[in-house]
Amino acid sequence: MAMTRREFIKFTGLGLAASSLGMLGFGASGEAQAAAVRPFKLTHATETRNTCTYCSVACGILIYSMGDRAKNARSNIIHIEGDPDHPVNRGTLCPKGSALLDIVHAPTRLKAPRYRPPGGTEFKEVSWDFALDRIATLMKEDRDKHFIAKNAAGTTVNRWTSTGMLAASASSNETAYLTWKVARSLGMVVFDNQARV
Amino acid sequence: MTNTWQDIKNANVVVVMGGNAAEAHPCGFKWVIEAKIENGAKLIVVDPRFTRTASVADYYAPIRPGTDIAFLNGLIRYLLEKDAIQHEYVRAYTNAGLIVKDGFAFADGLFSGYNEETHSYDKSSWDYELDKDGFAKSDDTWQDPRCVINLLKQHVSRYTPEMVSRISGTPQDKFLHICDLIAGTAAPDKAMTSLFALGWTQHSVGSQNIRTMAMVQLLLGNIGVAGGGMNALRGHSNIQGLTDIGLLSNLMPGYLNLPTDKEPSFDDYMKTKLYKPLRPGQTSYWQNYRKFVVSLQKAIYGDAATKDNNWAYDWLPKLDVPLYDIIKAFEMMNNDQMTGYICQGFNPLQAFPDRGKIRRGLSKLKFLVTMDPLDTETSRFWQDFGPQNPAKSTEIQTEVFQLPTTCFAEENGSLVNSARWLQWHWKAADGPGEAQSDIWIMSGIFHRLREMYRKEGGAFPDPILNVTWKYTDPISPDPEELAKEMNGRALADLTDATTGAVTKAGTLLDGFAQLHDDGTTASGCWIFAGSFTEKGNQMARRDATDPREQGIAPNWAWAWPANRRILYNRASADPEGKPWNPAKPVISWNGTRWVGIDVPDYGPTVKPSDGVGPFIMNAEGMGRLFARDMMADGPFPEHYEPLESPVENVLHPKVSANPVARVFADDRSAFGSPKNFPYVATTYRLTEHFHYWTKHALINAILQPEEFVEIGEVLAKEKGIEQGGWVKVSSKRGEVVCKAYVTKRIKPLTVDGKPTHVIGVPIHWGFTGQARKGYGANTLTPSVGDANTQTPEFKAFLVNVEKTSAPVAA
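Residues numbered from 1 in each chain as written. Chains lettered and ligands numbered in written order. Predicted model: local features only at pLDDT ≥ 70, side-chain atom pairs only at ≥ 80, totals over all residues.

So, about the interface of chain B and chain A. Facing the 138 residues of chain B at the interface are 104 residues of chain A. Pairing of strand β4 (residues 114-116) of chain A with strand β14 (residues 399-404) of chain B, which is carried by three bridges, proceeds in the antiparallel orientation. The residue bridging Arg114(A) from the neighbouring strand is Gln402(B), located in β14(B). (Contact = placed C-beta atoms within 7 Å. Pairing = 2+ DSSP bridges. Helix = DSSP H or I, 4+ residues; strand = E, 2+ residues; numbered from the N terminus.)

This is the structure in structure tokens:
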């Protein structure tokens with residue numbers, strides 16, 4: 001009987017009916033034993049295809065989460081493993097990729113915007129509106145003050161050098177493109193990424 | 001990478017130099033093992049340390065950090081002297097026979113045109129002799145002393161095996177054995193692959209390190225073939241993508257250059273980008289540059305980019321310096337020239353050299369914004385963490401915003417891997433708490449700014465008010481819509497000149513060949529054209545079928561450009577179109593067109609008899625053994641010592657280090673001398689950690705919990721350092737107190753007759769996360785970069801090491 005890996009998992013998880021166990025080659029005692037085993041937890045999980053966030057080998061991964069994506073259900077990621085269908089990693093992961101679950105649920109994941117005023121000794125939580133309003137105001141103040149429309153020779157240069165940005169290196173192409181649009185429309189030139197380190 | 005990860009299995013020789021794939025790219029490295037087991041490949045590793053990659057090598061040789069060019073120029077000398085080159089390939093596909101201008105010269109460490117005051121070259125002599133039609137003169141017999149191959153022979157003649165060993169510390173017999181193994185791949189049906197990473201890039205001569213091996217690969221006929229190529233393994237999951245999309249100070253999407261002050265008008269800009277063929281009948285694909293730029297401006301500015309305003313050329317910022325790279329940014333901060341800085345998923349307090357300077361720079365800002373899933377050191381630079389981050393919070397006036405973002409598992413989108421594959425990924429869950437995507441945050445900042453400019457006016461609001469933002473949800477644009485915008489679409493009905501086929505206005509484009517320079521097409525990143533077409537999201541394709549199991553998998557995801565998996569694959573066949581290696585053909589000529597398992601990197605119906613070269617992006621159609629004016633530091637590679645080196649350059653003591661390295665005065669004064677800092681240090685990564693992220697992950701923090709340095713047994717004995725004992729490692733810029741791992745993996749080298757010790761400094765620890773606090777390797781490293789890219793010289797610098805006692809528990 002030909003089964004893909006995923007069908008196998010589904011199949012073995014579906015209540016472990018006697019007939020199906022027979023097909024899998026269990027004898028009668030095996031059936032009883034298997035019936036007593038806790039159903040494989042991933043059979044109840046939602047599987048999502050993704051790519052390891054670390055190096056650019058870009059191993060395929062399968063993320064398993066509890067929650068069926070219903071409107072009122074909040075998904076919780078419970079397991080991550082290598083994608084056996086992926087032509088490069090073929091299901092394997094390295095010591096970093098194998099521990100991806102721990103980075104998703106790291107206790108140092110940030111959960112709210114925080115702000116530290118000049119001379120402050122600690123962060124305090126603030127609203128998104130406070131943070132983004134204040135950032136935009138600071139950027140505009142600086143841009144209006146330091147924007148260079150023409151250089152000494154009178155050539156139109158339209159650049160802004162006094163506020164800079166470092167772009168991410170594990171963010172998506174789509175994030176990168178939107179970031180490029182925003183930064184360049186502002187005239188920003190102190191603009192770099194992590195390609196070098 | 002020119003090739004794919006799986007394609008490594010086709011190699012006969014694998015050279016890992018400037019990288020440590022077994023530890024840094026483990027799941028890609030399996031293809032090296034596959035090559036060894038299934039293809040009988042020999043693995044050669046050249047590295048200062050006996051790494052885990054070295055542990056499975058067929059042949060290992062040690063090398064002093066920062067001397068790779070000496071080694072590789074010696075290899076080129078060997079290949080030319082033994083005539084171990086792929087003659088037909090070199091003759092037909094490289095510029096070996098082109099004649100170089102009379103004014104070009106090299107003497108005492110300097111190429112012609114050097115300006116001592118500006119530390120730069122006038123490169124006008126670094127070019128070919130042209131005939132009356134503007135084509136490069138050529139001597140196919142290679143008799144002319146001014147043809148490239150003869151100038152190259154002369155240039156590398158100084159790199160004898162004795163000299164290579166004297167500079168690099170690699171024993172002569174080991175060097176020669178490696179030369180011999182590599183020379184075997186000059187046979188037309190044999191291939192060598194070069195795998196490298198930061199071990200080559202993070203030097204003041206980083207770009208030239210890579211270029212030297214590229215020249216070796218051209219001489220051996222190993223570019224474009226299965227199992228060959230130059231394969232940059234690359235670091236972060238989407239650093240290829242961010243580079244492709246031009247998130248660098250001098251770039252626009254698709255490797256287009258941002259204009260400079262010297263190009264006041266669009267016509268001036270285009271004049272430097274005509275790319276007229278330098279040999280008769282050549283493709284010189286960059287001749288389409290104008291189409292790519294106009295289509296980009298149409299994507300960014302839509303209807304506001306018109307012929308009349310030169311496609312909104314003035315709205316692009318112009319550069320007055322070659323780069324506003326990160327080293328320069330922190331120099332500007334320290335000189336009070338910057339107000340604000342935004343760090344999106346980037347932790348420069350850990351990642352950039354001379355940590356003290358980074359901390360001082362951030363302290364001078366008016367505001368700092370960090371966007372990250374994790375609590376980074378950078379976002380807390382102002383907080384006192386003891387000796388690992390001494391800070392007086394009350395004296396630091398920087399406003400700091402720490403914005404929580406979602407991570408990879410919590411969003412849709414595509415990433416580009418090192419083999420140029422764009423792979424789509426899907427969201428599995430929401431982020432924690434109030435975390436938001438970078439797209440939502442950037443949109444939020446942008447909308448607020450645009451609204452203020454709309455209401456209040458301000459400095460040059462035009463580009464801000466006109467940038468296109470036609471997304472279904474403008475607050476949080478859908479990644480699919482952004483991907484389609486990068487792919488590009490027709491803005492008017494387009495009729496194909498040859499087939500007459502009509503592409504309707506609004507239709508997504510199939511590829512960059514459809515782009516126009518008259519405003520009838522828009523494409524946000526021309527090299528991604530074809531990734532999201534009317535047939536759907538090509539990046540989401542999941543058919544792993546692999547014809548002949550040759551490692552191409554053409555229907556898995558999508559590769560730029562044009563879904564091509566092996567770059568320069570025309571060079572996998574001989575001039576008549578027959579594969580050099582009949583057992584592993586990539587493409588071949590069937591009498592009417594090019595066919596094979598990959599998309600031809602060539603006109604699909606261009607006849608072999610037309611003599612069009614395989615390197616279609618180059619104006620001469622050939623691979624370059626002589627780089628013309630493309631490199632800042634010379635058309636041929638030359639050995640220069642690192643800025644901090646234990647020895648003088650024995651080839652030319654007066655020009656010891658890279659003469660065009662950009663060094664700021666304060667950074668120069670922070671360089672140490674071998675008198676006080678006698679040991680060579682090199683930074684590296686552990687297989688259990690990824691940069692400064694995984695110390696936040698419990699399992700990885702347990703696996704490698706604390707900062708250490710690696711010291712060879714001989715030096716440890718000399719200094720009385722015990723296994724696991726405490727040491728103080730210092731450079732002129734700072735010191736690290738940590739444990740010593742005394743090892744057999746690093747042995748002293750004999751350099752210019754003197755014993756030279758190398759110390760390994762892993763980079764992973766800081767003061768946030770779950771691992772123990774560490775000072776960070778960048779406390780020690782010098783602030784100087786590669787002369788072409790400004791990649792910091794993390795791989796070769798000077799330190800001292802002393803035994804010390806355990807720190808008193810806080």
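So, about the sheet that holds strand β33 (residues 797-803) of chain B. Two modes of strand pairing occur in sheets, parallel and antiparallel, and in both the strands are linked by backbone hydrogen bonds. Residues and elements named next belong to chain B. In spatial order, the strands read β26-β32-β27-β29-β28-β33; together these six strands close into a barrel with mixed pairing. The mean inter-strand angle of the sheet, taken between neighbouring strand axes irrespective of direction, is 45°. Relative to β33, strand β28 (residues 726-731) runs antiparallel, the two being bridged by four bridges. For Lys728, the partnering residue across the bridge sits in β33 and is Glu802. (Axes fitted to C-alpha atoms, helices over the stretch in contact; angles between N-to-C directions.)

Next up on the list: the packing of helix α6 (residues 173-185) of chain A against helix α19 (residues 479-487) of chain B. Contact geometry for α6(A) and α19(B): axes closest at 9 Å, N-to-C directions at 70°. As summarised for this structure, α6(A) and α19(B) are arranged roughly perpendicular, according to the angle between their axes. Between α6(A) and α19(B) the crossing geometry is left-handed. Between α6(A) and α19(B), the contacting residues are Asn173(A), Glu174(A), Tyr177(A) and Leu178(A) on the first element and Pro479(B), Leu482(B), Ala483(B) and Met486(B) on the second. Considered class by class, the residues forming the contact of α6(A) with α19(B) number six nonpolar, one polar and one charged. (Parallel < 35°, antiparallel > 145°, perpendicular 65-115°, else oblique. Left-handed = near helix turned anticlockwise from the far one by under 90°. Nonpolar A, V, L, I, M, F, W, Y, C, P; charged D, E, K, R; others polar.)

Of all residues in chain B, 100% have pLDDT values of 70 or greater, and the mean over the chain is 97. Listed scores for the predicted complex are pTM 0.95 and ipTM 0.98. (pLDDT = per-residue confidence, 0-100.)

On the basis of which strands lie adjacent, the open sheet formed by seven strands has the order β5(A)-β4(A)-β14(B)-β13(B)-β12(B)-β8(A)-β9(A) and mixed pairing. What marks the edges here is a single partner per strand, and that holds for β5 (124-125) and β9 (191-192) of chain A. Examined bridge by bridge, β4(A) and β5(A) share two bridges and lie antiparallel to one another. Looking at the pairing, Tyr115(A) lines up with Lys124(A) of β5(A).

Our focus in this paragraph is the pairing of strand β7 (residues 156-159) of chain A. Residue and element names in this part refer to chain A. With two bridges connecting them, strand β6 (residues 148-150) and β7 associate as antiparallel partners. Opposite Ile148, over in β7, you have Arg159 as the bridge partner. Connecting the antiparallel pair β6 and β7 is a turn made up of five residues, with Gly154 showing a positive phi of about 90°.

What follows concerns the nonpolar core. Core analysis: the biggest nonpolar cluster contains 269 residues, and Val14(B), Leu75(B), Val148(B), Leu219(B) and Val369(B) have the highest contact counts within it. The element that contributes the greatest number of residues to this core is helix α17 (residues 438-456) of chain B, accounting for nine residues. The residues touching Val369(B), leaving out its near neighbours within four places in the chain, are Ile135(A), Ile342(B), Cys343(B), Phe401(B) and Leu403(B). In terms of nonpolar packing, the next biggest core, distinct from the first, is built from 28 residues, Ala681(B), Ala716(B), Val758(B) and Ala796(B) among them. (Core = buried A, V, L, I, M, F, W, Y, C linked by C-beta atoms within 7 Å. Buried ≥ 20, exposed ≤ 12 C-beta atoms within 10 Å, placed from the backbone.)

Right, let's talk about the packing of helix α7 (residues 161-168) of chain B against helix α8 (residues 172-183) of chain B for a bit. Residues and elements named next belong to chain B. Two elements in contact, α7 and α8, have axes separated by 9 Å at closest approach and are oriented at 120°. Relative to α8, the element α7 is oriented oblique. α7 and α8 meet at a crossing whose hand is right-handed. Only Gln172, Phe175 and Leu176 of α8 make contact with α7, whose side of the interface consists of Pro161, Glu162, Val164 and Ser165. Looking at the contact of α7 with α8 residue by residue, the classes come out as four nonpolar, two polar and one charged.

Let us look at the environment of Gln297(B). All names here are of chain B. Residue position: Gln297 is located in helix α13 (residues 289-301). Taking the C-alpha atoms as reference points, Gln297 and Cys738, 441 residues apart in sequence, are found 52 Å from one another. Non-local contacts of Gln297, meaning those with residues more than four positions away in its chain, are made with Ala305, Trp311 and Ala312.

The next subject is the environment of Met163(B). Residues and elements named next belong to chain B. Here Met163 lies in helix α7. Met163 gets classed as partly exposed once you count the C-beta atoms within 10 Å, which come to 18. A sequence separation of 530 residues divides Met163 from Trp693, and the C-alpha atoms of the two residues are 42 Å apart.

With that out of the way, let us pick up unusual backbone geometry. Residue and element names in this part refer to chain B. The residue after Trp560, namely Pro561, is reached through a cis peptide bond having omega -5°. Within the secondary structure, Pro561 is located in the loop between β23 (558-559) and β24 (587-589). Here Ala553, not a glycine, exhibits a phi torsion of approximately 40°, which is positive. By the element assignment, Ala553 lies in the loop between β22 (536-537) and β23. Phi at Ala562 is positive, roughly 60°, even though this residue is not glycine. Assignment of secondary structure puts Ala562 in the loop between β23 and β24. What makes Ala562 partly exposed here is the crowd of 17 C-beta atoms within 10 Å.

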